[in-house]
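Coordinate analysis (summary)
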Amino acid sequence: MDINKIRADFPILGRTVYNRPLVYLDNGATTQKPRCVVEAMVNEYYSVNANVHRGVHFLSQQATELHEAARETVRRFINARSTSEIIFTRGTTESINLMAYSFGEAFLHEGDEVIVSAMEHHSNIVPWQLLAQRKGIVLRVIPITDEGELIMEEYQKLFSPRTRLVSVAHVSNVLGTVNPVADIIHTAHAHDVPVLVDGAQSIPHMKVDVQALDADFYVFSAHKVYGPTGVGVLYGKEKWLDQMPPYQGGGEMIQHVSFERTTFNELPFKFEAGTPDYIGTTALATALDYVSAIGMEQIAAHEHELLSYATQRMEQIPGMRIFGRAKQKSGVISFLVGDIHHFDMGTLLDRLGIAVRTGHHCAQPLMIRLGIEGTVRASFGLYNTKEEVDTLVAGIERVSKMF
Ligand code: PMP
């Protein structure tokens, strides 16, 4: 990987913050965009823009071709069997809400159980809780060790005749833990239970093959993989999606409408009511092509090197506590130093040009489990460097001395 060449693709990395070079370590929240992604959006608006699917005219057909080509790019990227299994949504959150609503409507009844884990993002907790209020379903929670790994023996014990779905993060946005989703899926399938994987934090950092994993559902957001905001994906096996009712009604998702009876469109359009963000899907495809050209294995190796280097350097800082010590870990370091409040640390690092995230990271149940209010989180992307890690370490040392 030619890191300087890659960095040159991201104009924002060249800017300063408080007269210091920007050190962007908040990739878990969102990633910066390479020039090609922004240009894909500008070019489509300037030279193709037309609403997709319904038009006979040239531009509409061209826009439709780009939109459907993007679906094929997503299919290829995660190795889904068919483009019918790729539903465009607004992001991970909407994908999981779609699942809670539609899978919930078809398959979940009072007393049925959904298994989640103790390290889930709120977006994989609250939609199920809303469903629990509507339908009386029950959430069962896989506990974690102090190192931040799922306790797999406890997971096995959570299954009952009422278990209908397992919904877990592939990678924790707080701990960086890479969960053993292949094992999780294998166990669930032995109980005839499908699995939804929240891939928000895995898709940008590793090669994902939904068929090899045998995932029933897999969701992610474009903006975390160098693509635009407002677009995401729900992958689902056709055999499940076919049995699920539409999530929203409107244009695009119908075959025929009369006041007496409406029939629904085929997959994937059944789940895509209204004008899709066709500019965003083109840009997502451009982002996936961009990371594919670098190579997901290369990206994973580079980020892993940054993680090892940062962990080893940060451990030397007096009073350092790192949360998340899983053996399989992605490029996320959550930490606290002594009794310095995470907010103070984050604010002072920001003054040094270092962007990190502070707080509960939308995972309050995990914070309760860890017995803390929040952490400071540095999360790496493909463009980060060891020099930036050095700047972070120097920054933390400097702030620590102030307290
Ligand atoms: N799940 C995980 C693990 C996440 O890290 C995030 C984003 N922080 C989400 C879900 C939600 O993603 P989005 O806000 O893009 O819908």
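Criteria and thresholds
- Residues numbered from 1 in each chain as written.
- Predicted model: local features only at pLDDT ≥ 70, side-chain atom pairs only at ≥ 80, totals over all residues.
- Heavy atoms only, no water.
- Buried < 20%, exposed > 50% of the residue type's maximum accessible area, 1.4 Å probe, protein only.
- Helix = DSSP H or I, 4+ residues; strand = E, 2+ residues; numbered from the N terminus.
- Axes fitted to C-alpha atoms, helices over the stretch in contact; angles between N-to-C directions.
- Left-handed = near helix turned anticlockwise from the far one by under 90°.
- Contact = heavy atoms within 4.5 Å.
- Nonpolar A, V, L, I, M, F, W, Y, C, P; charged D, E, K, R; others polar.
- Phe/Tyr/Trp six-rings, centres within 6.5 Å; stacked < 30°, edge-to-face > 60°.
- Lys NZ or Arg CZ within 6 Å of the ring centre and 35° of its normal.
- Domains from an automatic or database assignment.
- Buried area = accessible area lost by both parts, 1.4 Å probe.
- Salt bridge = Lys/Arg side-chain N within 4 Å of Asp/Glu carboxyl O.
- Polar contact = N/O pair within 3.5 Å; in protein donor to acceptor, adjacent residues only side chain to side chain.

Before going further, it helps to examine the pairing of strand β17 (residues 375-379). Burial within β17 is extensive, with 5 of its 5 residues counted as buried. Of the two faces of β17, both are covered, the one formed by Thr375, Arg377 and Ser379 as well as the one formed by Val376 and Ala378.

On to the packing of helix α3 (residues 58-78) against helix α10 (residues 278-294), then. It is at 8 Å that the axes of α3 and α10 come closest, and there the two elements cross at 40 degrees. Here α3 runs over α10; the crossing is left-handed. When α3 is examined against α10, the residues Leu66, His67, Ala70, Thr73, Val74, Arg76 and Phe77 are found in contact with a partner set consisting of Tyr278, Thr281, Thr282, Leu284, Ala285, Leu288, Asp289, Val291 and Ser292. Here the contact of α3 with α10 is composed, by residue class, of 9 nonpolar, 5 polar and 2 charged.

Moving on, we come to unusual backbone geometry. A cis geometry characterises the amide bond from Leu267 onward to Pro268, with omega recorded as 0 degrees. Backbone geometry at His53 places phi at a positive 75 degrees, although glycine is not the residue there. On the secondary structure map, His53 appears in the loop between α2 (35-47) and α3. On the accessibility criterion, His53 (28% relative accessible area) is partly exposed. In this structure, His361 is a non-glycine residue whose phi angle is positive, near 55 degrees. Inspection of the secondary structure puts His361 in the loop between β16 (357-359) and α13 (364-370).

Turning our eyes to something else, we now look at the packing of aromatic side chains. If you walk through the whole model with that rule in mind, you get 11 aromatic pairs. When the centroid spacing of 6.0 Å and the interplanar angle of 70 degrees are considered together, the rings of Phe10 and Tyr226 count as edge-to-face. A residue pair is termed long-range when its members are at least 10 positions apart, and Phe10 in the loop between α1 (3-8) and β1 (16-17) and Tyr226 in the loop between β9 (217-221) and β10 (232-236) qualify at 216 residues. Assessed through its relative accessible area of 1%, Phe10 is described here as buried. Between Phe217 and Trp240 the ring centres are 6.5 Å apart and the planes differ by 45 degrees, which places this aromatic pair in the tilted class. In this pair, Phe217 sits in strand β9 while Trp240 sits in helix α9 (residues 238-241), placing the two residues 23 residues apart along the sequence. Assigned by exposure class, Phe217 and Trp240 land together as buried. Pairwise contacts between aromatic rings join Phe10, Tyr226, Tyr290 and Tyr383 into one cluster. The side chain of Lys207 reaches across the aromatic face of Phe77, ending 5.8 Å from its centre.

Our next topic: the domain arrangement of the protein chain. Partitioning the protein chain into domains gives domain 1 (3-27 + 295-402) and domain 2 (38-292). The centre of domain 1, based on its C-alpha atoms, is set 28 Å off from the matching centre of domain 2. Interface area, domain 1 with domain 2, both sides summed: about 2,600 Å², of which 57% is carbon and sulfur. Interface area lost by domain 1 to domain 2 is led by Met296, Leu366 and Arg369, which between them contribute 24%. At the boundary of domain 1 with domain 2, the tally comes to 2 salt bridges. We note a salt bridge from Arg369 to Asp146, for which the minimum N-O separation is 2.9 Å. Run the count over domain 1 and domain 2 and you get 18 residue pairs in polar contact (both at pLDDT 80 or more). Among the secondary structure elements, those contributing two or more residues to the side of domain 1 that touches domain 2 are α11 (296-314), β14 (332-337) and α13. Per-element accounting of the side of domain 1 that touches domain 2 gives the leading share, 6 residues, to α13. In terms of residue class, the side of domain 1 that touches domain 2 is made up of 17 nonpolar, 9 polar and 8 charged.

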